[in-house]
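Report on the structure
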Amino acid sequence: MIAKLVKLVAVATLALGISSAWAQGAMHEGTVVDTMNGGGYTYVQIKESDKTFWAAGPQIEVSKGDTVVVQEQMWMNDFTSKTLDRTFDELLFVGRIDKK
């Protein structure tokens, strides 16, 4: 019984460690290549120096060519937005999108 409890505590601690790592994810800065709003979210395609990716956060006014900064929170694969009727191969969810 105690061994089971210790194992549960270890798993819970690991899970908390992972979630706090997500909350303190890498920062990304790049140029907005494409953008669209739907369902209260702004979706931005960001071109960083070596890659291009889609991110989604709370709705803001942003235009193609703007420079934005986002912080990694959670990556999702094959995410379908019903509002936009579109599936993103890979989408980064962020707490906010900041214009520079």
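Keep in mind the model is a prediction, meaning the values are calculated, not measured. (Residues numbered from 1 in each chain as written. Predicted model: local features only at pLDDT ≥ 70, side-chain atom pairs only at ≥ 80, totals over all residues. Heavy atoms only, no water.)

What to know about the side chain of His28
Within the element layout of this structure, His28 appears in strand 1 (residues 27–38). Among the residues examined, His28 registers a relative accessible area of 6% and is labelled buried. One polar contact links His28 to Glu48, side chain to side chain, over a distance of 2.9 Å. Separated by 2.7 Å, the side chains of His28 and Glu72 make a polar contact. In this view, His28 contacts Glu48, Lys51, Phe53, Val68, Val69, Val70, Glu72 and Leu92; residues no more than four positions away in its chain are not counted. (Helix = DSSP H or I, 4+ residues; strand = E, 2+ residues; numbered from the N terminus. Buried < 20%, exposed > 50% of the residue type's maximum accessible area, 1.4 Å probe, protein only. Polar contact = N/O pair within 3.5 Å; in protein donor to acceptor, adjacent residues only side chain to side chain. Contact = heavy atoms within 4.5 Å.)

Structural notes on the confidence of the model for the chain
Chain-level pLDDT for the chain is 84 on average; 76% of the residues reach the 70-or-more range. Across the chain, element-level confidence peaks in strand 2 (residues 41–47) with a mean pLDDT of 98 and bottoms out in helix 1 (residues 2–23) with 44. Confidence over residues 3–22 falls short of pLDDT 50; this stretch has two contacts with residues more than four positions distant or in other chains. (pLDDT = per-residue confidence, 0-100.)

Topic: the sheet that holds strand 3 (residues 52–58)
The seven strands are arranged 5-6-3-2-1-4-7 in an open sheet whose pairing can be described as mixed. Of all strands in the sheet, those with a lone pairing partner are strand 5 (74–81) and strand 7 (98–99), marking the two edges. Bridge analysis of strand 2 against strand 3 gives seven bridges, and the strand direction is antiparallel. Looking at strand 3, one finds that Ile46 is bridged to Phe53. (Pairing = 2+ DSSP bridges.)

Regarding the nonpolar core
Listed in full, the eleven residues of the largest apolar core are Val32, Val44, Ile46, Phe53, Ala55, Val62, Val68, Val70, Leu92, Val94 and Ile97. Going through the elements one at a time, strand 2, strand 3 and strand 4 (67–71) are the ones with two or more residues in this core. Ignoring any residue separated from it by four or fewer positions in sequence, one finds Val94 in contact with Ala56, Gly57, Pro58, Val70, Gln71 and Gln73. Counting eight residues, the second largest nonpolar core, distinct from the first, contains Ala56, Phe79, Leu91 and Phe93. (Core = buried A, V, L, I, M, F, W, Y, C linked by side-chain atoms within 4.5 Å.)

Some thoughts on the pairing of strand 5
Bridging between strand 5 and strand 6 (residues 86–93) involves seven bridges; their strand directions are antiparallel. Bridge pairing links Trp75 to Leu92 in strand 6. If you look at the hairpin formed by strand 5 and strand 6, you'll find four residues sitting between the two strands, and Asp85 has a positive phi there, around 55°.

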